[in-house]
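# Overview (structure and organization)
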Amino acid sequence: MSMSQRLPHADRQIRGADPAVEGEAVERDPLHIDTEFDDVRLILRRWQSARPAANALPQYEEMALGSVGRFADEMAVVRRMEGGEPVILRAGPRFEAIIGDACVGRATTDLAASYALAVGEALTAAHEAASPRLVLCRALVDGMVSTVETLALPLACRWRGDYFLLFLRPRRSQLNLARLLINATREGIIALSAIMRDGAVRDFSILSINEAAASHLGSRADLLQFTLLSEALAGPGLSDAFARFREAAEHRRATSFGLEYMLDGQQVSLQVGVAIADDILAVTLTDVGELKARETLFRSLFDENPVPMYVRDESGATFLNVNDAALRLYGYDREAFFAQGLAGLWADADDAEQQPAGETSCRHVTADGRLLDVVEYARGIVVDNAPATLSTIVDVTERKRAEEHVTFLALHDPLTGVANRTLFTRELARAAAQGTAFAVLLIDLDDFKIVNDTLGHAAGDALLVEVAARLQKQLRRSDLVARLGGDEFAVLLPGASSRAVVGSLAARLLDDIAAIRTLEGAEVSVTASVGAALSPQDTADTDSLLKCADLALYRAKNGAKGSFRFFEPEMDSQVRERRALEMELRGADIDKEFELHFQPIFAVKTGQLRGFEALLRWNSPKRGMVSPGVFIPLAEEAGMIDALGRWVLREACRHAAGWPEQLVVAVNVSPVQFRRGELVATIGEALSLSRLQPTRLEIEVTESVLLADTEANLATLRRIRGLGARIALDDFGTGYSSMSYLRQFQFSRLKIDRSFIREIDASPESLAIVRAIIGLGASLGIDTTAEGVETVEQLHALQKEQCGELQGFLFSPPVAGNRVRHIIETFFDKSADLVA
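Residues numbered from 1 in each chain as written. Predicted model: local features only at pLDDT ≥ 70, side-chain atom pairs only at ≥ 80, totals over all residues. Heavy atoms only, no water.

### Focus: helix α33 (residues 792-800)
For α33, the full list of buried residues reads Gln794, Leu795, Ala797 and Leu798. Along α33, the residues classed as buried sweep out an arc of 165 degrees about the axis, all on the same side. Elements that come into contact with the buried residues of α33 comprise α31 (754-758), α32 (764-780), β31 (783-787) and β32 (805-807). (Buried < 20%, exposed > 50% of the residue type's maximum accessible area, 1.4 Å probe, protein only. Helix = DSSP H or I, 4+ residues; strand = E, 2+ residues; numbered from the N terminus. Arc of directions from axis to C-beta. Contact = heavy atoms within 4.5 Å.)

### Comments concerning the packing of helix α17 (residues 421-433) against helix α21 (residues 542-558)
It is the contact of α17 with α21, at a shortest axis distance of 10 Å, that shows an interaxial angle of 115 degrees. In terms of axis orientation, α17 runs roughly perpendicular to α21. In the crossing of α17 with α21, the sense of the turn from one axis to the other is right-handed. The segment α17 lies against α21, with Phe424, Leu428, Ala429 and Ala432 engaging Thr542, Leu545 and Leu546. Along the lines of polarity and charge, the residues of the contact of α17 with α21 split into six nonpolar, one polar and no charged. (Axes fitted to C-alpha atoms, helices over the stretch in contact; angles between N-to-C directions. Parallel < 35°, antiparallel > 145°, perpendicular 65-115°, else oblique. Left-handed = near helix turned anticlockwise from the far one by under 90°. Nonpolar A, V, L, I, M, F, W, Y, C, P; charged D, E, K, R; others polar.)

### Digging into the sheet that holds strand β7 (residues 188-197)
Taken together, the five strands give an open sheet; going across it, the order is β8-β7-β11-β10-β9, and neighbouring strands pair in antiparallel fashion. At either end of the open sheet lies a strand with only one pairing partner, and these are β8 (200-209) and β9 (255-263). Going across the sheet, the axis of each strand differs from the next one's by a mean of 30 degrees, ignoring polarity. The pairing of β7 with strand β11 (residues 280-287) spans six bridges and is antiparallel. (Pairing = 2+ DSSP bridges.)

### A few points about the packing of aromatic side chains
Under the criterion given, the structure shown has 21 aromatic pairs. Summarising the aromatic geometry, the rings of Tyr310 and Phe319 are spaced 4.9 Å apart at their centres and angled 70 degrees between planes, so their arrangement reads as edge-to-face. Accessibility assignment for this pair places Tyr310 and Phe319 in one class, buried. Ring centres of Phe602 and Phe811 lie 5.5 Å apart, and the angle between their planes is 50 degrees; this geometry places the pair in the tilted category. Placement of the pair is Phe602 in strand β24 (residues 594-603) and Phe811 in the loop between β32 and β33 (815-816), with a sequence separation of 209 residues. Grouping aromatic residues by their ring pairs yields a cluster made of Tyr310, Phe319, Tyr330, Tyr332, Phe337 and Phe338. (Phe/Tyr/Trp six-rings, centres within 6.5 Å; stacked < 30°, edge-to-face > 60°.)

### Some thoughts on the pairing of strand β10 (residues 266-277)
Both β9 and β10 contribute to a ladder of nine bridges, which runs antiparallel. Note that in β10 the partner of Met262 across the bridge is Gln267. What sits between the antiparallel neighbours β9 and β10 is a turn of two residues, in which Asp264 has the positive phi angle 55 degrees. In this structure, β10 lies alongside β11, joined through eight bridges in antiparallel fashion. Of the residues in β11, the one forming a bridge with Val274 is Val283.

### Observations concerning helix α25 (residues 641-656)
Look at α25: 22 Å from first C-alpha to last across 16 residues, which is about the 22 Å you get at 1.5 Å a residue. α25 sits mainly inside the fold: twelve of its 16 residues count as buried. Considered for burial, the residues of α25 that qualify are Ile641, Asp642, Leu644, Gly645, Trp647, Val648, Leu649, Glu651, Ala652, Cys653, His655 and Ala656. (Expected span 1.5 Å × (residues − 1).)

### Digging into the state of the cysteines
Inspection of the entire model under this criterion finds zero disulfides. Lacking any disulfide linkage, Cys137 is separated from the closest cysteine sulfur, that of Cys103, by 13 Å. (Disulfide = S-S within 2.5 Å.)

### Brief notes about the side chain of Thr542
With respect to the helices and strands, Thr542 occurs in helix α21. Judged by relative accessible area, which is 18%, Thr542 ranks as buried. Beyond its immediate chain neighbours, meaning those up to four positions away, Thr542 contacts Leu428, Ala429 and Ala432.

### Some points on the confidence of the model for the chain
Counting all residues, the mean pLDDT for the chain is 85, and 90% of those residues have values of 70 or more. Here residues 1-28 is modelled with pLDDT under 50, and outside its nearest four sequence neighbours on either side it reaches 39 contacts, counting other chains as well. Of the regions scoring below 50 in pLDDT, residues 831-836 engages in twelve contacts with residues more than four places distant in sequence or in other chains. (pLDDT = per-residue confidence, 0-100.)

### Things to note about the sheet that holds strand β18 (residues 480-485)
Taken in spatial order, the five strands of this open sheet run β18-β19-β17-β22-β23, and their pairing is mixed. Each end of this open sheet is capped by a strand with a single partner; those strands are β18 and β23 (564-566). Put simply, the sheet's adjacent strands are angled 20 degrees from each other on average, direction ignored. When strand β17 (residues 438-445) meets strand β19 (residues 488-494), the two strands line up antiparallel, connected through seven bridges. Paired with Asp444 across the bridge in β19 is Glu488. Against the sheet, α17 engages β17, β18 and β19, with an angle of about 135 degrees to β18.

### Brief notes about the pairing of strand β14 (residues 358-365)
Here β14 pairs with strand β15 (residues 371-383) via eight bridges, running antiparallel. Across the sheet, Ser361 pairs through a bridge with Val375, a residue of β15. In textbook terms, the turn of a hairpin is the stretch between consecutive antiparallel strands, and for β14 and β15 this stretch comprises five residues, one of which, Gly369, has a positive phi near 90 degrees.

### Some remarks on unusual backbone geometry
Omega for the bond connecting Ser535 with Pro536 falls within 30 degrees of zero, at 10 degrees, which places this linkage in the cis form. Structurally, Pro536 is set in the loop between β22 (528-535) and α21. The phi dihedral of Ala130 falls on the positive side, at around 55 degrees, and the residue is not glycine. Along the chain, the position of Ala130 falls in the loop between α6 (113-129) and β4 (133-141).

In structure tokens, the structure reads:
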């Protein structure tokens, strides 16, 4: 309701310049103010007659002390200083009674809201018009809802400030609020007085009844009030219920009961509540017909639902009901299911006692002892007026096993079964966080390539499996061995603080590896090189520790075969070289020294060109072409990757804008760019400058982007998708939480890591991972791309597995931007619109 609706007021000015001419009109309707009271008209006439001149205000003393003195009980004197709030200086007792509180000394804005608004409007209108003004407001007066006339009369006074007389009076028409509220409710309400004869209740007199209760009894409130309850109940055939009311009155005890009966051909279901107050019975009639219908529907949906469901009591331990689907899932008959209780259903009975509401992942046991991984969705309901819990059970046993298998594959090397780089890095960080000593060994097989070249890849794989097995045999259960890639292994030794202990273990590992004499029937000679670093002696930082171990391994490989070296501080010459490279990188002119190369991406089914992946290259004036694997991590550490990333996005979009519109361009972005928080704006700027259609830009992110501050990075991905760009998950399968990302975000594409592609034609495990990823993508509606395809055998394997797209040196290495035209012309008409 608007203020004008709450506070209607008359603001019409006096029309006609000569009061003498219109004297009669002024007498009948002084100042054209619409009032119900002759007293108000009298006050207005006296205010008008007290004016010394036509446009002057009456004096305060004459009005307040003389002309309207007999109305002082209903009046207040108000003063408003310039720039201040109106303040009540005096107030009559009736005025304060209407307001409902003491008023003297208070600002009018401190009154109850309805009065504050009405008084404020009346004062403002009277001041602006220099004439009395009337405002109406609704308020509770003497327990009744009344329309209060609020009359403000402006006055002149010799003291500073604006003075007003304020008159309040409720109009005659009033509403009984209690009766209004009772009749407004849909719940039936009856007040009964017992009629006693010889010390016993003979009947009840209906003292009060609202329309809702009367309608439940098939009558009207005005017809039933002051009649007998027995007669009112007889109408709808409820005479049997009379005894329940009499019992409540005689025992002076509250009670409740249900009533079911037909009224005008309709089924009526009531819940009756009886409370005792002195000698009065307060009765409530609640229509529960809709509730009962919902209960009937619920039972039907519950019993016939194909999803397993059961209902537990408030304690959660006892079953109240179970549907047939749950009985089939757990293998019990109904009687046995109720007998064994919730504790018998859980694999761990202690967990059953602490089961929370909401969604819970837990493990249940079937009647034949099988373990089920389930998700239980529990929510509170009411059964027979008592709280209970409805549980819906989803069997996720097979899904969880599949996820665990994929997770295992993501954390372990598919060939040897030992940990992969991801798991090793995680455990390394955990060891560092514990603050205790530990050591890292890096192991690299000598001349492994010769074994591959002479005996074949199968023999090379067999050698890697044998080496992994021998390493594990020499280690403790707390130690961790990992294959980092190729023929490189790593060992984490928690608690190792002695060089002597680490050196002794390294010697045993080298001896055991050297003991390999035959491989698939062929004689071999195998040696390995080992580099070691200790924390915290060498460094406490995990990345630096790996670098130290790598420097030690590099020194060992430069020596005799089968060598072992600890890290020594003088080995940091490579660190100094890295610093020199960083300085050159910081001084590089991005526009002149950096360039984009593009590697084509092909669709497997059609053999057509789908687009290109943009790859950054640094052509250093001093060093020539510097490997991206060297300068990109350095740029990330040096804080330069954001500037480089902006340049790459602009250049990639500029190039792609000149290609046929079917082709996309894929651009890798760094986790550092996500942390800076400006990536979305950078992409939008590149698209705007190039006028490239957003759908032709594919942003590639690695799982490392999502490992930290996941929610913020997911929000960034959603904003990028909001621009219209596509988003691909790069190196899929190498991280330990790929599955969780796919649940949280709909990627456009999964790029299978080249480490799996490299061994797909020789390793059943790698093939299984690739097959699982392709199948997963297909089931989720996500395209898949295999990168690093280098052999025809790999191509045939991927075609057989129905991989969506391919890229790799088998088709083309990355080419400079000026050579992209030739690749495009191979697949498109040479007259196509190509912009250099």
